[in-house]
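The chain contents come next:
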Amino acid sequence: MSSKDFVFVLGGPGSGKGTQSKWIADEYGLGYLSTGDLLREAVAKVDNPPPGIEETELEELRRLQQIMKSGGLVDDAVVIGLIKKTTQQSDKVHWLIDGFPRKMSQCTKFVEEMGECTAVLCFEVSDEVLTQRLLKRGETSGRADDNLVAIQNRIQTFHNESADVIQHYKGKKKAIVVDGERSVNAVRADCIAEIRKLWHIPVKEGEPKQEAVKTSCCNLL
Ligand code: AP5
Ligand code: MG
């Protein structure tokens with residue numbers, strides 16, 4: 001079991017998971033990882049192999065790269081391995097985990113290997129808005145999965161696999177549902193207020209007051 005404290009950040013592709021959780025973690029000194037970022041870093045070795053890398057490892061990375069390009073999900077063991085390695089290498093205790101768990105088997109395995117999470121931030125954004133945001137980002141991002149076909153597959157994967165995960169956490173009263181279609185600042189204010197209910201984080205000058213909170217309550221408190 002891990003001695004760390006985890007808040008998962010879930011939502012469709014382009015719902016703002018990275019934008020919000022990376023910024024909040026930097027601002028408040030929390031641990032942060034994105035399973036997507038860690039996987040992209042790993043598969044980048046395919047195009048730029050480090051000296052001495054084994055062909056079998058490259059072959060496996062090519063396989064993962066293809067899954068990501070098409071908008072599917074990579075194997076649970078790979079993702080959980082990356083989370084374990086990253087969190088264990090740091091002395092941070094409080095972690096925002098962006099993009100995990102995406103299917104029920106990941107929930108189960110995480111509990112067995114790392115323990116229960118504290119809460120789950122769930123960003124709700126319509127498929128239309130997700131698509132528009134990602135097509136726009138695709139003009140400059142260089143991400144292999146920011147094209148219309150892959151975006152549609154990612155959205156479908158989210159509905160097929162991750163909807164059950166969110167339902168699961170709603171049932172456990174761990175889901176904090178955030179309307180992710182508002183401005184970045186409005187969504188951020190809600191997330192900070194909710195995280196403050198869980199963990200001690202400092203109040204920053206100019207931070208919006210708690211009354212701004214618009215999260216819905218299948219919530220914790
Ligand atoms: P991952 O990297 O997690 O991609 P994703 O879930 O498709 O989501 P994105 O990172 O594209 O979007 P985001 O929600 O972070 O939004 P962002 O803040 O960037 O995963 C990639 C792949 O890796 C997966 O498809 C899968 O293959 C694999 N993978 C990852 N985790 C896995 C797991 N657990 N198991 C198995 N496989 C896994 O924002 C998007 C855009 O919108 C940006 O341009 C941003 O500026 C803009 N934006 C953000 N918020 C707002 C706002 N409020 N208003 C207007 N614009 C906004
Ligand atoms: Mg992201």
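Scroll up a little and you will see the structure.
Asks: I would appreciate a short explanation of the environment of arginine 63 in the present structure.
Replies: Within the element layout of this structure, arginine 63 appears in helix H3 (residues 55–70). Separated by 85 residues in sequence, arginine 63 and leucine 148 have C-alpha atoms that sit 21 Å apart. Engagement of the side chain of arginine 63 in a polar contact is seen with the side chain of aspartate 75, the distance being 3.1 Å.

Asks: Explain the sheet that holds strand E2 (residues 31–34) here, please?
Replies: The strands making up a sheet associate through backbone hydrogen bonding, with each pair oriented either parallel or antiparallel. The strand order across the open sheet formed by five strands is E2-E3-E1-E4-E5, and the pairing between neighbours is parallel. Only two strands of the sheet have a single partner each, and these edge strands are E2 and strand E5 (175–179). Sheet twist, expressed as the average angle between the axes of neighbouring strands with direction ignored, equals 20 degrees. One ladder, built from five bridges, connects strand E4 (residues 119–124) with E5; its direction is parallel. Each residue of the ladder has a partner; that of glutamate 124, found in E5, is aspartate 179. Sheet strands in contact with helix H1 (residues 17–28) are strand E1 (5–11), E2, strand E3 (94–98) and E4, and its direction is about 165 degrees off that of E3. Lying over the sheet, helix H8 (residues 184–198) contacts E1, E3, E4 and E5, oriented at roughly 165 degrees with respect to E4.

Criteria and cut-off values
- Residues numbered from 1 in each chain as written.
- Chains lettered and ligands numbered in written order.
- Predicted model: local features only at pLDDT ≥ 70, side-chain atom pairs only at ≥ 80, totals over all residues.
- Heavy atoms only, no water.
- Helix = DSSP H or I, 4+ residues; strand = E, 2+ residues; numbered from the N terminus.
- Polar contact = N/O pair within 3.5 Å; in protein donor to acceptor, adjacent residues only side chain to side chain.
- Pairing = 2+ DSSP bridges.
- Axes fitted to C-alpha atoms, helices over the stretch in contact; angles between N-to-C directions.
- Contact = heavy atoms within 4.5 Å.

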